Amino acid sequence: MKLPGHEEYETSSAHENVSVSAGEPDSDHGSGHSPSGSSETDSRELGISKDPLLFIQLNELLGWPQALEWRETGRWVLFEEKLEVSAGRWSAPHVPTLALPSLQKLRSLLAKGLVLLDCPAQNLLELVEQVIRVESLSPELRGQLQALLLQRPQHFIQTTDTWPCCGSIPPRKAFYNEGAPLREQNPLRQKLPPGAEAAAVLTGELGFLAQPLGAFVRLRDPVVLGTLTEVALPSRFFCLLLGPTMPGRGYHEMGRAAAVLLSDPQFQWSVRRASNLHDLLAALDAFLEEVTVLPPGRWDPTARILPPKCLPSQHKRSPWQKQEVKGLSGPCTARAEDRHGRGLHLPSPELQRTGRLFGGLVQDVSRKASWYSSDFLDALHPQCFSAVLYIYLATVTNAITFGGLLGDATDGAQGVLESFLGTSVAGAAFCLLAGQPLTILSSTGPVLVFERLLFSFSRDHSLDYLPFRLWVGIWVATFCLVLVATEASVLVRYFTRFTEEGFCALISLIFIYDALGKMMSLTHAYPIQRPGSPAYGCLCQYPGPEGNESQWATTKPKYRDDILSMDLGLVNASLLSPFECIQQGGQPRGPGCHTVPDIALFSLLLFLTSFLFATAFKHVKTSRIFPSMVRKVLSDFSSVLAILLGCGLDAFLGLATPKLMVPTEFKPTLSGRGWLVSPFGANPWWLSVAAALPALLLSILIFMDQQITAVILNRAEYKLQKGAGFHLDLFCVAVLILLTSTLGLPWCVSATVISLAHMDSLRRESSACAPGEPPSFLGIREQRLTGLVVFILTGISIFLAPVLKFIPMPVLYGIFLYMGVAALSSIQFVKRVQLLLMPAKHQPDLLLLRHVPLNRVHLFTAIQLACLGLLWIIKSTPAAIIFPLMLLGLAGVRKALEWVFSPQELLWLDELMPEEERSIPEKGLRPEHTFGGDESQESELMYQPKVPEINISVN
């Protein structure tokens, strides 16, 4: 409900019980390397200037007519906190609600009261002297009022732990402070960013005043007004609301109304620039036009509205935005974006053609060169240490897994050692020279499929595999260099979320499938024990009871001899013959009978332990238990802690579970070959030319694999400051493919899931968060050092076998499963798949469901599922040779969807392709019309906070 102008406010007694919910500021902080307050962010969103965050305190005059004293009863930063005196604590931060008459009375009092803008006062005494210069006050009353206003207020200061962000209730232990000894140690000060300012609202009843007294002061220069506020901040605003006794809590509510007004970013921006009383009242009227009325009969006034997890942006409230909606130009016109944060007609500079050979590569090099030194200095942060441990273990596990698979696929032509060495060399070189060093290079599932096909072709036609593979690598490097020279990377603009989600879902499913497959393989290597089962062991001969006869019995395999044993508790084991011992599931050892634990079962427990604890530690960051610092540490080190927990449990129980195997000798897996691959070997010369055909398919695969990952990592919502380098990245991959082909090492490209995990481990969030404010996403800690150290450690791991051999493989498989599940569960595609199985009444209130019919959403999801299923089938069959073309076909399918879905539907379900974006003005589809309907719907679309669409377990 929108309220009319203030002319009708004076006759609103009928609204006595109507409450007004005030709009709240946005917590979607802008990107940058330094945390900033929300007020600063809101001003930045308004397209104007950066205003400091404002802390508002309400001091109420109590004790009339006996002993008068000022006592702090409320405070605001983004949300309201009320003092609960009986409970001895501050309330949980909540969205303030106001009675409509309090706003009306406040406006009336300010219209008749004293307004001082740019007051030159330098201390509290000078300010009070300016405020009490009212003609209606006698000299005697001025003296009494001055003494009262200079009286030291009582503050309620928290003295124990700093409470966490996100609305956690502070600890109870606190006390009233009559001076300033504890103001500097106030924990609230740590939650406010540098440059924050204060505003003081003083209100109360004074029997010796004949009429209300109102004053609003904006200081020209913010100064610390003694002990007026509990936090020692320079004050910018001062509001005084006093008057004779009135029924109810009229002055208290007027004081709350003034504080809520000052906490509103739009009102605060306006009043900071007001030049007279008319501007101040106009700002108040603008606030009243946007309030929402809650009917008294349908709402409990004592209820507190919790802060929302995601606050609406303030951009739509900007005066320039209102001009923009009317078709006028303004500073915010250049902010035209689609709903995913991408510019509608202004592609990023990395994806603009230069029209010159290698022009994009030259621009990437010049752009990244200016950041090169900071790429190492920015890594000097404890968070990077956690990222190194996490990604190192993931990279080592990936190298071992794909190394083993590669050894099986190539009959030992390549193996774990080559996987370690290739990952280390290619990854370290890429982190040093590439345009996006956050990318983690590794062997990937699609490339492994191609390696298997290439080896099968060589074996079936009696070809020497490694020389043939060398020529394929030479041709791939050549084709990739041609793509770099012709700036083909600009085609990634056609990789919309449809293509990205399909590729990311495929890679995530490969991770999940491999993790589960490896665990299932343990049941074959360590079969589940069944007493008397032939699979339990082998037949061995034991001497008979008198030593004259012999009997055969089933015993354990040799590899079980060192497993922890325990006595059978239900029988007297010493009385059992060897045969009876085995029948009971034990193992004869001398005169005793011992049993061994089930390795497959304990491996499964370790697998689930690492997966569940990694997930739990990651999500503890959004819980309400533990202080914020503890939650952050547990979340940042979630995977590392899960691995350590699994290793500790394994060591405590002394289980002989399969452990991490790393090479102990530095030599090629294939005996008899050197580190340099011969160009021809036993192959005919013409094979070097024929290798161009499979190289063409592999080039398409590598281009798609590399660039889709690059597009995902460089999305605008990650708020990267140093830019992308699509051309430079592809150039580095081309050179590294040539190098690894020459050395007989696996081909490495961007590993989507591990790269996303790397990004997630380097997330930067605001450290100064006000009570009730969720930590805002500031961007990614962009640097080269974490990846470089990870790959150096991967190479050194060849010589760390004595240490790494204690890590159980089931624990690492659990981390693999965690990475795959986290990446899969965070994409919108999975949420839409869940809608297929969910009755309409239980479906969440998603924005896309407000604008796209449900049957159209299901149709789009079904098409994506069909494409994903087709990709999986082709990958798993002999037809995998065309797998690269099928990946490229995803972009073609997305293009064909333009014939099935309207641009508005595709805008919600996916993203617009460049041609569709350019056609919007031609078709006359203005954003507000395309986005559907009224202003509120349009604002939800254009100014929804930008968060990563595809990420690893991001809140």
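None of these values were measured; they are calculated from a predicted model.

(A) Structural context of the overall build of the protein. Looking only at helices and strands, the protein has 35 helices and 22 strands in total. Considering the protein as a whole, with its 955 residues, one finds that 55% of them fall into the buried category. Pairs at least 24 residues apart make up 77% of the contacts formed inside the protein by residues separated by at least 6 positions.

(B) Examining the side chain of Arg75 more closely. Tracing the sequence through the fold places Arg75 in strand E3 (residues 69-76). Taking the relative accessible area as the measure of exposure, Arg75 reaches 1% and is therefore buried. Separated by 2.8 Å, the side chains of Arg75 and Glu230 make a polar contact.

(C) Here's a closer look at the nonpolar core. In this structure, Val472, Val476, Phe495, Leu698, Ile780, Met819 and Leu887 are the most contacted members of the largest nonpolar core, which totals 142 residues. Within the second largest apolar cluster, 31 residues are counted, among which are Leu109, Leu241, Ala258 and Leu288.

(D) Main features of helix H12 (residues 382-409). Spanning 28 residues, H12 covers 40 Å between terminal C-alpha atoms, matching the ideal 40 Å at 1.5 Å per step. The buried fraction of H12 is high, at 22 of 28 residues. Looking at the residues trailing H12, positive phi occurs at Asp411, about 55°.

(E) Local environment of the packing of helix H30 (residues 854-875) against helix H31 (residues 883-896). Where H30 meets H31, the axes come as close as 10 Å, and the angle between the chain directions of the two elements is 170°. When the axis of H30 is compared with that of H31, the two are roughly antiparallel. Touching Ile863, Cys867, Leu870, Leu871, Ile874 and Lys875 of H30 are Phe883, Met886, Leu887, Leu890 and Val893, all from H31. Looking at side-chain class alone, the contact of H30 with H31 contains ten nonpolar, no polar and one charged residues.

(F) Expanded view of the packing of aromatic side chains. A full pass over the atoms with the stated rule returns ten aromatic pairs. Ring geometry for Phe455 and Tyr465: centres 5.2 Å apart, planes at 80°, overall edge-to-face. Separated by ten residues along the polypeptide, Phe455 in helix H14 (residues 445-460) and Tyr465 in helix H15 (residues 465-485) bring together distant segments of the chain. Just as Phe455 is buried, Tyr465 falls in that class too. For the ring pair Trp475 and Phe479, a centre distance of 5.8 Å and an interplane angle of 35° mean the geometry is tilted. Of this pair, Trp475 and Phe479 both sit in helix H15, separated by four residues, roughly a single helical turn. Exposure remark for Phe479: the relative accessible area of 23% places this residue in the partly exposed category. A network of ring pairs unites the aromatic residues Phe498, Phe860 and Phe901 as a single cluster. Geometry around Trp747 places Arg469 over its ring, the cationic atom sitting 4.1 Å from the centre.

(G) Quick peek at the sheet that holds strand E2 (residues 54-62). In space, the eight strands of this open sheet follow the order E5-E4-E3-E2-E10-E12-E11-E7, with mixed pairing throughout. The sheet terminates laterally at strand E5 (89-90) and strand E7 (114-119), the two strands that pair on one side only. As judged from the two bridges shared by strand E4 (residues 80-84) and E5, these two strands associate in the antiparallel manner. Looking at E5, one finds that Glu84 is bridged to Arg89. Together, E7, strand E11 (213-223) and strand E12 (235-243) form the strand contacts of helix H3 (residues 124-131), whose direction differs from that of E7 by roughly 140°.

(H) Highlighting unusual backbone geometry. For Asp118, which is not a glycine, the phi torsion comes out positive at approximately 60°. Structurally, Asp118 is set in strand E7.

(I) Region of interest: the environment of Ser370. Looking at the element boundaries, Ser370 is found in the loop between helix H10 (359-369) and helix H11 (374-377). Relative accessible area serves as the criterion here: at 57%, Ser370 is assigned to the exposed category. A polar side-chain atom of Ser370 sits 3.0 Å from the main-chain carbonyl oxygen of Arg367.

(J) Spotlight on a nonpolar patch on the surface. Where nonpolar side chains cluster on the molecular surface, the patch consists of Leu604, Leu608, Leu612, Phe613 and Leu645 and spans about 400 Å² of accessible area. In this structure, Leu645 sits in helix H20 (residues 638-653). On the basis of relative accessible area, Leu645 is assigned to the partly exposed category, the value being 35%.

(K) Main features of H14. Its 16 residues give H14 an end-to-end C-alpha distance of 23 Å, which sits within 8% of 22 Å, the value for a rise of 1.5 Å per residue. Of all the residues in H14, the buried ones are Gly445, Pro446, Val447, Leu448, Val449, Phe450, Glu451, Leu454, Phe455 and Ser458. Of the residues trailing H14, Ser462 is marked for its positive phi of about 55°.

(L) Molecular detail of the side chain of Lys719. As for its placement among the helices and strands, Lys719 is situated in the loop between helix H22 (692-713) and helix H23 (726-743). At 3.0 Å, the side chain of Lys719 and the backbone oxygen of Phe777 are in polar contact.

(M) Looking closely at the pattern of salt bridges. In the structure shown here, the tally under the stated rule is 26 salt bridges. In this structure, the salt-bridge partner of Arg367 is Asp364, at a minimum N-O distance of 2.7 Å. Taken as a pair, Arg367 and Asp364 lie in helix H10 at a separation of three residues, close to a single helical turn. A salt bridge links Lys618 to Asp760; the shortest N-O distance between them is 2.9 Å. Placement of Lys618 in helix H18 (residues 599-619) and of Asp760 in helix H24 (residues 752-761) is noted, with a sequence separation of 142 residues between them. Ionic contacts of the salt-bridge type, sharing partners, join the residues Asp375, Asp378, Lys722 and Arg784 into one network.

Rules and cut-offs
- Residues numbered from 1 in each chain as written.
- Predicted model: local features only at pLDDT ≥ 70, side-chain atom pairs only at ≥ 80, totals over all residues.
- Heavy atoms only, no water.
- Helix = DSSP H or I, 4+ residues; strand = E, 2+ residues; numbered from the N terminus.
- Buried < 20%, exposed > 50% of the residue type's maximum accessible area, 1.4 Å probe, protein only.
- Contact = heavy atoms within 4.5 Å.
- Polar contact = N/O pair within 3.5 Å; in protein donor to acceptor, adjacent residues only side chain to side chain.
- Core = buried A, V, L, I, M, F, W, Y, C linked by side-chain atoms within 4.5 Å.
- Expected span 1.5 Å × (residues − 1).
- Axes fitted to C-alpha atoms, helices over the stretch in contact; angles between N-to-C directions.
- Parallel < 35°, antiparallel > 145°, perpendicular 65-115°, else oblique.
- Nonpolar A, V, L, I, M, F, W, Y, C, P; charged D, E, K, R; others polar.
- Phe/Tyr/Trp six-rings, centres within 6.5 Å; stacked < 30°, edge-to-face > 60°.
- Lys NZ or Arg CZ within 6 Å of the ring centre and 35° of its normal.
- Pairing = 2+ DSSP bridges.
- Patch = residues over 30% accessible without salt bridge, like charges linked within 9 Å, V, L, I, M, F, W, Y side chains within 5 Å.
- Areas by Shrake-Rupley, 256 points an atom, 1.4 Å probe, with all protein chains shown as cover.
- Salt bridge = Lys/Arg side-chain N within 4 Å of Asp/Glu carboxyl O.

Keep in mind that these numbers describe shape and distance, not what the molecule does.
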